[in-house]
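Observations on the model geometry
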Amino acid sequence: MAKEMISILPGSVSTGELHGYLLGAVGPRPIAFASTVDEKGRPNLSPFSFFNVFGSNPPILIFSPARRVRDNTTKHTLQNVLLTKEVVINIVNYDMVQQMSLSSTEYPKGTNEFEKSGLTMVKSDIVQPFRVGESPVQFECKVTKVEALGRDGGAGNLIFSEVVKIHIDRAIVDVNGVIDQRKIDQVARMGGNWYTRANKGMFEVPKPLSSIGMGVDALPNAIKNSTVLSGNDLGLLGNVEKIPSFDQVDEFLKEHSGYKGLNTEQLHKQARKFLEKGDVVTAWKILLINETNTVI
């Protein structure tokens, strides 16, 4: 039986619709977690899924920060690369995917997304931009060329990045010195909110674009330094605009008195169960039960 096809001429739909079709069809796409610095040396960190490797002699990685469809503005990463001609491309694994997603929030210029996402800044050996300590593989790169593919919203900007030094987590290398594809545990982008985990399959990460997440740096210290909560957990908690008030926490306790008397570690373990189900609001209420000195 012949398939019933929907045929589309690119010029017959809006750029936003075309963007959705392209990203929904072309995937999974690897993620370039790009670290740059601006003209004042301030760090910037942002993920891009228009990315791949394009040769090993010389070793070239290319990623493309597209012009924003809604207002035709350019991203800080592109602005920084044009000024400094340097970038660190960090590979994203599952353990850091929520923090990576949080970093894609459109914070004002000069905001340090390392701090907002709770990721570790590691000084590079050759280039100025910092590496992401949590990333399993980090590529220090010199930018050899930037090629604009258009001037309207949605147009890409190819950033040709020559690798000058590679850093690999020894834990992901097998006995033969080869990167173990199970241990690296990479994630990739698909359409909409969807990602895929290379050794597990698809999962969803809501985009942090409808509001400005408070950031991991704004979390209470007892939560930020938790021995129970993972980086992904902190990323989810930091991707809220504000945390529940103590009145809301009190109301929650009236209906869920079983949480009274639990110590901090026990509360964190309970909260993590709700984070695993995507119920961030309830997790926050549980975490705040003993946080009487937290500033809301």
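Residues numbered from 1 in each chain as written. Predicted model: local features only at pLDDT ≥ 70, side-chain atom pairs only at ≥ 80, totals over all residues. Heavy atoms only, no water.

1. What to know about the overall build of the protein
Just so we agree on the cut-off: Only runs of H or I of at least four residues qualify as helices and only runs of E of at least two qualify as strands under DSSP, and these elements are numbered from the N terminus. As defined in this context, the radius of gyration uses C-alpha atoms, and a globule is described by 2.2 Å times the residue total to the power 0.38. For every residue, the accessible area obtained with a 1.4 Å probe (protein chains only) is divided by the maximum for its type, and the residue is called buried under 20%, exposed over 50%, and partly exposed between those limits. Contacts were defined at the residue level, with two residues in contact if any of their heavy atoms lie within 4.5 Å. Values of accessible area rely on a 1.4 Å probe in the Shrake-Rupley scheme; residue burial ignores everything except the protein chains shown. Neither His nor the chain ends contribute to the count of charged residues, in which Lys and Arg are positive and Asp and Glu negative. By convention, the point assigned to a charge is CZ for Arg, NZ for Lys, CD for Glu and CG for Asp.
A count of helices and strands for the protein gives nine helices and twelve strands. Its C-alpha atoms give the protein a radius of gyration of 21 Å, near enough to 19 Å, the size a compact globule of 296 residues would have. Counting only C-alpha atoms and orienting by the principal axes, one finds that the protein spans roughly 60 × 50 × 45 Å. Expressed as a percentage of its 296 residues, the buried residues of the protein come to 45%. Of the contacts formed within the protein by residues at least 6 apart in sequence, a portion of 64% connects residues at least 24 apart. Roughly 15700 Å² of accessible area belongs to the protein as shown, and the carbon and sulfur atoms make up 51% of that amount. Across the protein, the mean location of the 33 positive side-chain charges is 2 Å away from that of the 32 negative side-chain charges.

2. Considerations on empty space enclosed by the protein
Applied cut-off: Grid points spaced at 1 Å and placed over the protein atoms alone form the basis of the search, with a cavity being a set where a 1.4 Å probe fits but cannot get out and a pocket an open set showing protein on both sides within 12 Å along at least five of seven lines. Lining residues have an atom within 4 Å of a point. Grid points are joined across faces, edges and corners, and a volume is the space filled by probe spheres set on the points.
Under the defined criterion, the tally for this structure stands at one cavity of 30 Å³ or more. If you trace the largest cavity, you find it lined by Asp38, Arg42, Pro43, Asn44, His76, Asn80, Lys109, Gly110 and Thr111. Secondary-structure elements contributing two or more residues to the lining of the largest cavity are β2 (43-48) and α2 (76-84).

3. Quick look at the side chain of asparagine 93
Tracing the chain through its elements places asparagine 93 in the loop between β5 (86-90) and α3 (97-103). Apart from the residues within four sequence positions on either side, asparagine 93 is in contact with Glu134, Pro136, Ile184, Asp185, Gln186 and Val187.

4. Here we look at the pairing of strand β8 (residues 137-148)
To keep things clear, this is the line we draw: We treat two strands as partners when DSSP finds at least two bridges between them.
Looking at chain direction, β5 and β8 are connected through five bridges and run antiparallel. By the bridge assignment for β8, asparagine 90 is matched with glutamine 138.

5. Remarks on the sheet that holds β8
As a reminder, the rule being used: Here, axes are lines fitted to C-alpha atoms. For helices the fit covers the stretch in contact, and angles between N-to-C directions go from 0 to 180 degrees.
An order of β2-β1-β5-β8-β9-β4-β3 is seen for the seven strands of this open sheet, with the pairing classed as antiparallel. Only two strands of the sheet have a single partner each, and these edge strands are β2 and β3 (51-56). Averaged over all adjacent pairs, the angle separating strand axes in this sheet is 30°, with direction ignored. The sheet strands contacting α2 are β1 (32-37), β2, β4 (59-63), β5, β8 and β9 (157-168), and the helix crosses β1 at an angle near 55°.

6. Considering the packing of aromatic side chains
Definition in use: Put simply, two rings from Phe, Tyr or Trp (the six-membered ring, in Trp's case) pair if the centres are within 6.5 Å, and we call them stacked under 30 degrees between planes, edge-to-face over 60, tilted for the rest. Definition used: whenever NZ (Lys) or CZ (Arg) falls within 6 Å of the ring centre and also within 35 degrees of the ring normal, the charge is taken to sit over that ring.
If you walk through the whole model with that rule in mind, you get two aromatic pairs. Seen in terms of ring centroids, phenylalanine 48 and phenylalanine 63 are 5.5 Å apart; in terms of plane orientation they differ by 40°. Their pairing is tilted. With a gap of 15 residues between them, phenylalanine 48 in strand β2 and phenylalanine 63 in strand β4 connect regions that are remote in the sequence. Note on accessibility: phenylalanine 48 and phenylalanine 63 belong to one class, buried. Where phenylalanine 252 meets tyrosine 259, the ring centres are 5.7 Å apart and the plane angle is 25°; that geometry is what we call stacked. Taking the relative accessible area as the measure of exposure, tyrosine 259 reaches 12% and is therefore buried. Looking at lysine 145, its charged tip hangs above the ring of phenylalanine 160, at a distance of 4.4 Å from the centre. Looking at arginine 197, its charged tip hangs above the ring of tyrosine 94, at a distance of 3.8 Å from the centre.

7. Some details on the environment of leucine 9
Inspection of the secondary structure puts leucine 9 in the segment before α1 (15-25). The exposure class of leucine 9 is exposed, given its relative accessible area of 65%. The sequence separation of leucine 9 and serine 64 amounts to 55 residues, and the corresponding C-alpha distance is 23 Å.

8. Quick notes on the side chain of histidine 167
Note the following rule: Identification of polar contacts relies on pairs of N or O atoms within 3.5 Å, with a donor-acceptor requirement for protein atoms, meaning one able to donate a hydrogen and the other able to accept it, and with residues adjacent in sequence counted only if both atoms are side-chain atoms.
Along the chain, histidine 167 turns up in strand β9. At 3.4 Å, the side chain of histidine 167 and the side chain of arginine 131 are in polar contact.

Keep in mind these numbers describe shape, not what the thing actually does.
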